[in-house]
Amino acid sequence: MKLLFLSTVGNSCGIATYTTNLIKGFSEDVKCVQYPIPTMSELGGLKPVAIQALFTKFVDMSDDFDVVHIQHEHGLFHGVGDESDAICQFAKVIEQLANKQKKVFVTFHSDPVFFRTWLDVIKRRDGFLPTLLMKTLSKIWKKKVSKWFTKKYPNINAVVHTHTSKKEFIKSGFDEENVQVISHGVISRDILFKEVNPDQGIINLTIFGFISGYKGYHTAIRALQYLPENYRLICLGGRHPNSIGTEYDDILNFAADRDCETIERKLPLNLVYDKITITGYATEHEANIWHKKTDICLAPYQDKTLSGSGALTWSLTSGQPVIASDIPSFKAINDEYNCMQITAVHGHHELSWAIKKVVNDVKLQRTLAHNANKYCTDNSWENIAGLHVNEYTRST
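Residues numbered from 1 in each chain as written. Predicted model: local features only at pLDDT ≥ 70, side-chain atom pairs only at ≥ 80, totals over all residues. Heavy atoms only, no water.

Any chance you could explain the overall build of the chain here in plain terms?
For the chain, the helix and strand inventory stands at 15 helices and 12 strands. The dimensions of the chain, computed from C-alpha atoms along their principal axes, are 65 × 50 × 35 Å. Here the chain holds 396 residues, and the buried ones make up 53% of them. Here the chain displays about 18,000 Å² of accessible surface, and carbon together with sulfur accounts for 52% of that area. For the chain, the distance from the average position of its 44 positive side-chain charges to the average position of its 43 negative side-chain charges is 5 Å. (Helix = DSSP H or I, 4+ residues; strand = E, 2+ residues; numbered from the N terminus. Buried < 20%, exposed > 50% of the residue type's maximum accessible area, 1.4 Å probe, protein only. Areas by Shrake-Rupley, 256 points an atom, 1.4 Å probe, with all protein chains shown as cover. Lys, Arg positive; Asp, Glu negative; His and termini not counted. Charge placed at Lys NZ, Arg CZ, Asp CG, Glu CD.)

Written out as structure tokens, the structure is:
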């Protein structure tokens, strides 16, 4: 079987890592070629005609392959334009492949966040302009994209990571038969569980992955204010290659502001600025070293539209207990495996409470680590690659 992937490559982002690990999971009889998408910063300088030429070349290459597999994020399909251009560009690629009657799979790494029914819009009360924009994008998505993921086109399929995400895509106009659920794959790591003791000295809390605001650093910093003096926060990762470059400063400024507020208002809270470490980009070897120093992994994410997270899978392979926010994709994993202590999004008081709860309960620590290990085993990249092959080869 010959597969053609459309994806970012190298260390540019989590999608590139996802694709690399998936390809490694295939058996030797599956031959893969990657057609690289430029980084978002590189795409940002391209006009629509240049982007169209880029993807037309990809479509032309597909003639020599049995299956085409696209890794999708909205930002990977537009340059100087806006999100509507990204939708139209992506739809054009799908249309061209459909006309060639190619077997196509698209892994959606985030849900169609702009898709809302009028009832949803009324409930959200986002304001007139955001509501109008959201509704406009929803119409474009349904007209240009959703029509391809229906029974009429059985060769065009979506891959999402949770059943919650599947419901979102069905809601946006996809047919159920065209949406397949395959969990995010997990790398294999040999890091052993170690008990956390509240009296052990320094207790390290670690957030893993590219530094991005949606990962909840502010929530973790606020929680740190309510924890004993021996707690530390490690931000294990560097700036995303497509970042604006202010992420480190944002974390440290927020911590400094909290300390100033504590001092000026004489609040009964602990100072946090000097308890924060930002490691910068870490290789796999360096990440292993940091995770061996970790006592609890945190994932207090705020973005409820994520369909999966490679960074979370790294935390679940750390050998240590994981505390995560209740965004839908995390909750879906936990409902099945009970492998994380779940807290509310933005809930820094609850996060502080959950940290102390886990630290003071060795039985809970062992349960979470054991269940996380089962999740990681079940969803190894070899198993996930096998599930993809099953989908690629099923009759249509």
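Following the structure, the description resumes.
Would you explain the pattern of salt bridges in this entry?
Oppositely charged side chains may form a pair once their charged atoms are brought near each other. According to the stated counting rule, one finds 10 salt bridges in the structure shown. A salt bridge links Asp335 to Lys331; its shortest N-O distance comes to 3.4 Å. Of the two residues, Asp335 and Lys331 both sit in helix α12 (residues 328-337), four residues apart, roughly one turn of that helix. (Salt bridge = Lys/Arg side-chain N within 4 Å of Asp/Glu carboxyl O.)

Help me out: how do you make sense of the environment of Val67 in this one?
Mapping Val67 onto the fold places it in strand β3 (residues 67-72). Judged by relative accessible area, Val67 falls into the buried class, the value being 2%. Sequence separation between Val67 and Phe105 is 38 residues, and the spatial gap between their C-alpha atoms is 7.7 Å. In this view, Val67 contacts Lys2, Leu3, Leu4, Lys103, Phe105 and Tyr392; residues no more than four positions away in its chain are not counted. (Contact = heavy atoms within 4.5 Å.)

Honestly, the packing of aromatic side chains in this entry has me stumped. Any pointers?
The description of two aromatic rings rests on the distance between their centres and on the angle between their planes. Applying the stated criterion across every chain, the model contains 18 aromatic pairs. The interplanar angle of 50° and the centroid separation of 5.5 Å between the aromatic rings of Tyr35 and Phe58 together place this pair among those described as tilted. Of this pair, Tyr35 sits in strand β2 (residues 31-36) while Phe58 sits in helix α3 (residues 48-61); the two residues are 23 residues apart in sequence, bridging distant segments of the chain. Taken as a pair, Tyr35 and Phe58 share a single burial class, namely buried. Seen from their ring centres, Tyr337 and Tyr375 are 5.1 Å apart, and the 80° between their planes marks the pair as edge-to-face. Of this pair, Tyr337 sits in helix α12 while Tyr375 is found in helix α14 (residues 362-378), placing the two residues 38 residues apart along the sequence. An identical accessibility class is assigned to Tyr337 and Tyr375; each is buried. Within the aromatic cluster, the residues linked to one another by ring pairs are Phe90, Phe108, Trp141, Phe149, Phe169 and Phe174. (Phe/Tyr/Trp six-rings, centres within 6.5 Å; stacked < 30°, edge-to-face > 60°.)

What should I look at first to understand the pairing of β3 in this one?
A regular strand places its side chains so that they alternate between the two faces of the sheet. In terms of burial, β3 is a largely internal element, six of the six residues being buried. Here β3 shows no split at all, with Val67, His69 and Gln71 on one side and Val68, Ile70 and His72 on the other all buried. The pairing of strand β1 (residues 2-7) with β3 spans four bridges and is classified as parallel. Residue Leu4 lies in a different strand from β3, and its bridge partner there is Val68. Judged from the six bridges that link them, β3 and strand β4 (residues 103-108) form a sheet pairing that is parallel. The partner of His69 across the bridge, within β4, is Phe105. (Pairing = 2+ DSSP bridges.)

How should the sheet that holds β4 be read in this particular structure?
Sheet strands pair by backbone hydrogen bonding; their relative direction is either parallel or antiparallel. Taken in spatial order, the six strands make up an open sheet running β2-β1-β3-β4-β5-β6, and their pairing is parallel. Each end of this open sheet is capped by a strand with a single partner; those strands are β2 and β6 (179-181). Put simply, the sheet's adjacent strands are angled 25° from each other on average, direction ignored. In the packing of helix α15 (residues 381-393) onto the sheet, contacts are made with β1, β3, β4, β5 (156-160) and β6, and the angle to β4 comes to roughly 140°. (Axes fitted to C-alpha atoms, helices over the stretch in contact; angles between N-to-C directions.)

Sorry, what's going on with helix α1 (residues 14-25) here?
For an α-helix, 3.6 residues make a turn, and residues three or four places apart therefore share a direction. Compared with the 16 Å implied by 1.5 Å per residue over 12 residues, the 17 Å span of α1 between its first and last C-alpha is a close match. Buried within α1 we find Ile15, Ala16, Tyr18, Thr19, Asn21, Leu22 and Gly25. In the core, the buried residues of α1 are packed alongside β1, β2, β3, β4 and α15. (Expected span 1.5 Å × (residues − 1).)

Please explain the sheet that holds strand β9 (residues 276-278) as it appears in this structure.
The strand order β9-β8-β7-β10-β11-β12 describes an open sheet built from six strands, whose pairing is parallel. For this open sheet the edge positions go to β9 and β12 (341-343), each flanked by a neighbour on one side alone. In this sheet, neighbouring strand axes are inclined to one another by 25° on average, regardless of whether the strands run parallel or antiparallel. Sheet topology note: the strand β7 (residues 203-208)/strand β10 (residues 296-299) ladder contains two bridges and is parallel. Its bridge partner being in β10, Leu205 is matched across the sheet by Ile296.

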